[in-house]
Amino acid sequence: MTASIFADTPAIRYEGPDSHTPLAFRYYDADRVVLGRPMADHLRIAVAYWHSFCGDGADTFGPGTHRRPWHTADDMAHAKTKLHAAFDFFERLGNPFFCFHDVDVCPLGDNLTEAGDNLFAIRDLIGDRMERTGTKLLWGTANLFSHPRYMAGAATNPDAEVFAYAAGQVRNVLTVTHQLGGENYVLWGGREGYDTLLNTDMKREQAQLARFLTMVVEFKHKIGFTGTILIEPKPCEPTKHQYDRDAATVHAFLRRFGLEKEVKLNIEANHATLAGHDFEHEIAYAIANDLLGSVDINRGDSRLGWDTDQFPNNVPELALALVHIVRAGGFATGGMNFDAKIRRQSTEPDDLFHAHIGGMDVLARALLAAEAMIRDGMLQEFVDERYKGWDQGLGAEIMAGDWTLDALADHALDAGIAPKPRSGRQEYLENLVNRFV
Ligand code: XUL
Ligand code: CO
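Not measured: the values here are computed from a predicted model.

Trainee: Describe the overall build of the protein, listing the residues and the values that go with them.
Mentor: Tallying secondary structure elements over the protein gives 16 helices and twelve strands in all. On C-alpha atoms alone, the protein measures out to a radius of gyration of 24 Å, which is about the 22 Å that the 2.2 N^0.38 rule sets for 437 residues. Principal-axis analysis of the C-alpha atoms gives the protein an extent of 85 × 60 × 45 Å. Residues classed as buried in the protein amount to 49% of the 437 residues present. A sequence separation of at least 24 residues applies to 76% of the contacts in the protein between residues at least 6 apart. Carbon and sulfur atoms provide 52% of the accessible area of the protein, an area that totals close to 21300 Å². Looking at charge distribution, the protein has the averaged site of its 43 positive side-chain charges lying 1 Å from that of its 62 negative ones.

Right under this line is the structure:
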């Protein structure tokens, strides 16, 4: 075997905020205890196989610029070279987890037999390297959006044979995810939507999507997979409209089809912003409705309205999201997957290290800021104080169902006083946050 392209990079170490070593952590200190548990256990960081090892910098205007030895052909020999490079990278970075699509780790061939043979063959190599490096699988997923057969969707395709083919791919990947000890299985419906309603029966397509998801859940139980099934919302791109638009839309869909206890959400930061939400909003919505599964951590560009999948760099924004996550008890099976890619002009293998080290340091800083805010307690105290009228007295009685609209209207009439407005103190609170970030 030829030397790995990452051979020149030593293992990345924590050197502290004053370090001048470019390839070192300044804030990510895996074992540092934050609010009772190691930083690594809060963040549960994963590397995305597709962006870091399959992506080559190609865009719609030009071909790839990242020349890796395994990019020259799509066969099993090259897939193995790629796999060893990936784990050489994990070994040096020290990320506890990784995530993959079937198509990232091996060629899927011309039919399901070939796809299965290749995937089950590469599974053993993946398992072997996982054992040797200690890297765990956060989630697996089937790519049901790149092949032309899926151009009109997988589960939502007008052709039932396409639905069946997708079932075949999911059976393979869910089985392999289970065998590799994966903690979650993700469904991102990139083509589960439409480009024009002129050719689309939306009612049917949503019913098909629900049937597919129900079958996935049944299969999970059949094989004894105890991980979580996750849906990753995104409003659009590649389709004009995607059915799994945002957290609230998926929530309604799950409830309509009785799947809300079986399926949780994989919230992606830039998908949230593309849907017109703050990332923090999607996280808070998921937590409020017991739907938080995992996170795809990345960022977009405020000037570009598409999914640029950049590495995260906004500490204040992430700190606020982490306050919600940590207060809610943290991730169960989920974690933070860098669904992010280096830029087209970042051509060197060590650019991958800079990207991931930067992302991990940003998350670590955000976690430390979240810790400080939680310890300080003033943000929470303000909110508790603001709503305390609902904990006892009239508010508690209303929520207990003790009052009718009529009786309450009479109460307001009798009381004869207009409630006095109280300041929401947004600026004071923003200043408070600013002390910690
Ligand atoms: C696409 C996206 C996917 C999913 C997995 O926008 O986020 O990479 O995370 O299929
Ligand atoms: Co994603």
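Trainee: Would you mind going over the domain arrangement of the protein in detail, with residue names and values included?
Mentor: Taken domain by domain, the protein consists of domain 1 (33–376) and domain 2 (384–434). On a C-alpha basis, the centroid separation for the pair domain 1 and domain 2 is 41 Å.

Trainee: Help me get a handle on unusual backbone geometry, residues and values and all.
Mentor: The step from Glu237 to Pro238 runs through a cis peptide bond, and the omega angle for that step is 15 degrees. Residue placement: Pro238 occurs in the loop between strand 8 (228–231) and strand 9 (241–242). In this model, Asp290 sits at a positive phi of 55 degrees, which is unusual for a non-glycine residue. Take Asp290: it is sitting in the loop between helix 10 (279–288) and strand 11 (292–296). Even without glycine at this site, Arg425 takes up a positive phi of about 55 degrees. Note on placement: Arg425 falls in the loop between helix 15 (405–415) and helix 16 (426–434). Arg425 gets classed as partly exposed once you look at its relative accessible area, which sits at 47%.

Trainee: Outline the coordination of the cobalt ion (ligand 2), listing residues and values.
Mentor: The protein atoms donating to the cobalt ion (ligand 2) are Glu232 (OE), Glu268 (OE), Asp296 (OD) and Asp339 (OD), with metal-donor distances spanning 1.9 to 2.1 Å. If you look at the cobalt ion (ligand 2), its six donor atoms make angles of 78 to 173 degrees with each other, and the shape they trace is octahedral. Each donor residue of the cobalt ion (ligand 2) belongs to the same chain, with the gaps between them written as E-x35-E-x27-D-x42-D. With Glu232 in the loop between strand 8 and strand 9 and Asp296 in strand 11, this residue pair connects regions lying 64 residues apart in the sequence. One exposure class covers both Glu232 and Asp296, and it is buried.

Trainee: Go over the site of ligand 1, please, and point to the residues and values.
Mentor: Within the structure, ligand 1 sits among Trp50, His101, Trp139, Phe145, Trp188, Glu232, Lys234, Glu268, His271, Asp296, Asp307 and Asp339. Within the side chain of Trp50, an N or O atom sits 3.4 Å from an oxygen atom of ligand 1. His101 is positioned with one of its side-chain polar atoms (N or O) 2.7 Å from an oxygen atom of ligand 1. Expressed as a share of its isolated accessible area of 290 Å², the protein-covered part of ligand 1 is 93%. Across the shell around ligand 1, the residue classes tally to four nonpolar, two polar and six charged.

Trainee: Describe empty space enclosed by the protein, with residues and values.
Mentor: For the structure on display, the rule yields two cavities of 30 Å³ or more. Here the largest cavity defines a volume of roughly 200 Å³. Lining the largest cavity are 20 residues, and of these Leu187, Trp188, Gly189, Glu192 and Leu209 lie nearest its centre. Contributing elements (two or more residues each) for the lining of the largest cavity: strand 6 (184–187) and helix 7 (202–223). The class makeup of the residues in the lining of the largest cavity is 14 nonpolar, three polar and three charged. Considering the residues around the second largest cavity, the lining is formed by Pro233, Arg245, Asp246, Ile267, Glu268, His271, Ala272, Ala275 and Glu282.

Trainee: Describe the packing of helix 3 (residues 76–93) against helix 5 (residues 112–133), listing the residues and the values that go with them.
Mentor: Taken N-terminus to C-terminus, the directions of helix 3 and helix 5 make an angle of 20 degrees; their axes are 11 Å apart at the nearest point. Here helix 3 lies roughly parallel to helix 5, going by the angle between them. Helix 5 is crossed by helix 3, and the crossing has right-handed handedness. Residues Met76, Ala79, Lys80, Leu83, His84, Phe87, Asp88 and Glu91 of helix 3 lie in contact with helix 5, whose contacting residues are Asn118, Ala121, Ile122, Leu125, Ile126, Arg129, Met130 and Thr133.

Parameters at a glance
Going along each chain's sequence as written, the residues are numbered from 1 onward. To label them, take the chains in the order written and letter them from A, then take the ligands in the order written and number them from 1. Where totals are concerned, whole chains, interfaces and linings use all residues; where local detail is concerned, this predicted model gives features only for residues with pLDDT of at least 70, and gives and counts side-chain atom pairs only at 80 or more. Note: side-chain values were computed over all heavy atoms of the structure, leaving out hydrogens and water. The helix and strand labels rest on DSSP assignments: H or I over at least four residues marks a helix, E over at least two residues marks a strand, and numbering proceeds from the N terminus. Our radius of gyration looks at C-alpha atoms and nothing else; its globule reference is 2.2 Å times the residue count to the power 0.38. Under the scheme applied here, a residue whose accessible area is under 20% of the maximum for its type counts as buried, over 50% as exposed, and between as partly exposed, the area being computed with a 1.4 Å probe on protein chains only. Contacts were defined at the residue level, with two residues in contact if any of their heavy atoms lie within 4.5 Å. The accessible surface values rely on the Shrake-Rupley method and a 1.4 Å probe; as for residues, cover is taken only from the protein chains in view. Positive charges are assigned to Lys and Arg, negative charges to Asp and Glu, while His and the chain termini are left out of the count. Here the site of a charge means atom NZ of a Lys, CZ of an Arg, CG of an Asp or CD of a Glu. Segmentation of the chain into domains, including their bounds, is taken from an automatic or database domain assignment. Atoms of type N, O and S within 2.8 Å of a metal are treated as its donors, and for Na, K and Ca the window is 3.2 Å; water is not considered, so some sites may appear to be missing partners. Geometry is assigned from donor-metal-donor angles: four donors are tetrahedral when every angle falls between 85 and 135 degrees, four are square planar and six octahedral when opposite donors sit over 155 degrees apart with all other angles between 65 and 115, and any other arrangement is irregular. If even one non-hydrogen atom of a residue comes within 4 Å of a molecule or strand, that residue is called near it. N or O atoms closer than or at 3.5 Å make up a polar contact, with two conditions inside protein: a donor-capable atom paired with an acceptor-capable one, and, for residues adjacent in sequence, both atoms drawn from side chains. Gly is placed with the polar residues, together with every amino acid not listed as nonpolar (Ala, Val, Leu, Ile, Met, Phe, Trp, Tyr, Cys and Pro) or charged (Asp, Glu, Lys and Arg). Of the two site types, the cavity is a set of points on a 1 Å grid over the protein atoms alone where a 1.4 Å probe fits but cannot get out, and the pocket is an open set with protein on both sides within 12 Å along at least five of seven lines, each lined by residues with an atom within 4 Å of a point. Grid points are joined across faces, edges and corners, and a volume is the space filled by probe spheres set on the points. Axis definition: a line fit to C-alpha positions, over the contact stretch in the case of helices; interaxial angles, taken between N-to-C directions, run 0 to 180 degrees. These descriptions rest on fixed angle ranges, namely under 35 degrees for roughly parallel, over 145 for roughly antiparallel, 65 to 115 for roughly perpendicular, and the rest for oblique. Each helix crossing is assigned a hand: it is left-handed if the near helix lies turned anticlockwise from the far helix by less than a right angle, otherwise right-handed if that turn is clockwise.

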